[in-house]
Amino acid sequence: QVQLVESGGGLVQAGGSLRLSCAASGPTFSTYAMGWFRQAPGKEREFVAAISWSGGSTYYADSVKGRFTIFRINAKNTVYLQMNSLNAEDTAVYYCAASTDWSVRTQTAFGYDYWGQGTQVTVSA
């Protein structure tokens, strides 16, 4: 079992940047694909980005391509989400998740086995 703890959220002005971190417990982090999702008030949870076990492959939602970067450091059991050029539409609770799969399902919440508690990101206009 994997436990995930997100950090790095906060309040930022539009156009600014934040880096989210997700620290995983356990010795098997490198065997999980990792993803980031977000959920804004009144909206469903949506896929943001995913990265394969080795970090060699990534997926992004169209809404964040070119602005967000997902990467991982397996030696630190941590996955990151670098967010640049933030706008008000990026305001949400951001969750990281771990998956034993690497397929199109890892672009949906159904593809993930473990979830963190989330970290709030608020972008002011």
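Report follows, based on the coordinates. (Residues numbered from 1 in each chain as written. Predicted model: local features only at pLDDT ≥ 70, side-chain atom pairs only at ≥ 80, totals over all residues. Heavy atoms only, no water.)

1. Section: the nonpolar core
Okay, so step 1: Of all hydrophobic cores here, the largest spans 37 residues; its most connected members are Met-34, Trp-36, Leu-81, Met-83 and Tyr-94.
Okay, so step 2: Aside from chain neighbours lying at most four places away, what touches Met-34 is Leu-4, Cys-22, Phe-29, Ala-49, Ala-50, Ile-51, Ile-70, Arg-72, Val-79, Ala-97, Ala-98 and Tyr-112. (Core = buried A, V, L, I, M, F, W, Y, C linked by side-chain atoms within 4.5 Å. Buried < 20%, exposed > 50% of the residue type's maximum accessible area, 1.4 Å probe, protein only. Contact = heavy atoms within 4.5 Å.)

2. Details of the sheet that holds strand S8 (residues 78-83)
Okay, so step 1: An order of S1-S3-S8-S7 is seen for the four strands of this open sheet, with the pairing classed as antiparallel. At either end of the open sheet lies a strand with only one pairing partner, and these are strand S1 (4-7) and strand S7 (68-73). Within this sheet the neighbouring strands show an average axis-to-axis angle of 15°, counted without direction.
Okay, so step 2: Where strand S3 (residues 18-24) lies against S8, six bridges are found, and the strand directions are antiparallel. Among the inter-strand pairings, Ser-21 is bridged to a residue of S8, identified as Tyr-80. (Pairing = 2+ DSSP bridges. Helix = DSSP H or I, 4+ residues; strand = E, 2+ residues; numbered from the N terminus. Axes fitted to C-alpha atoms, helices over the stretch in contact; angles between N-to-C directions.)

3. Describing the environment of Ser-63
Okay, so step 1: Inspection of the secondary structure assignment puts Ser-63 in the loop between strand S6 (58-60) and S7.
Okay, so step 2: Each C-alpha atom of the pair Ser-63 and Asp-113 lies 24 Å from the other, and the pair is 50 residues apart in sequence.

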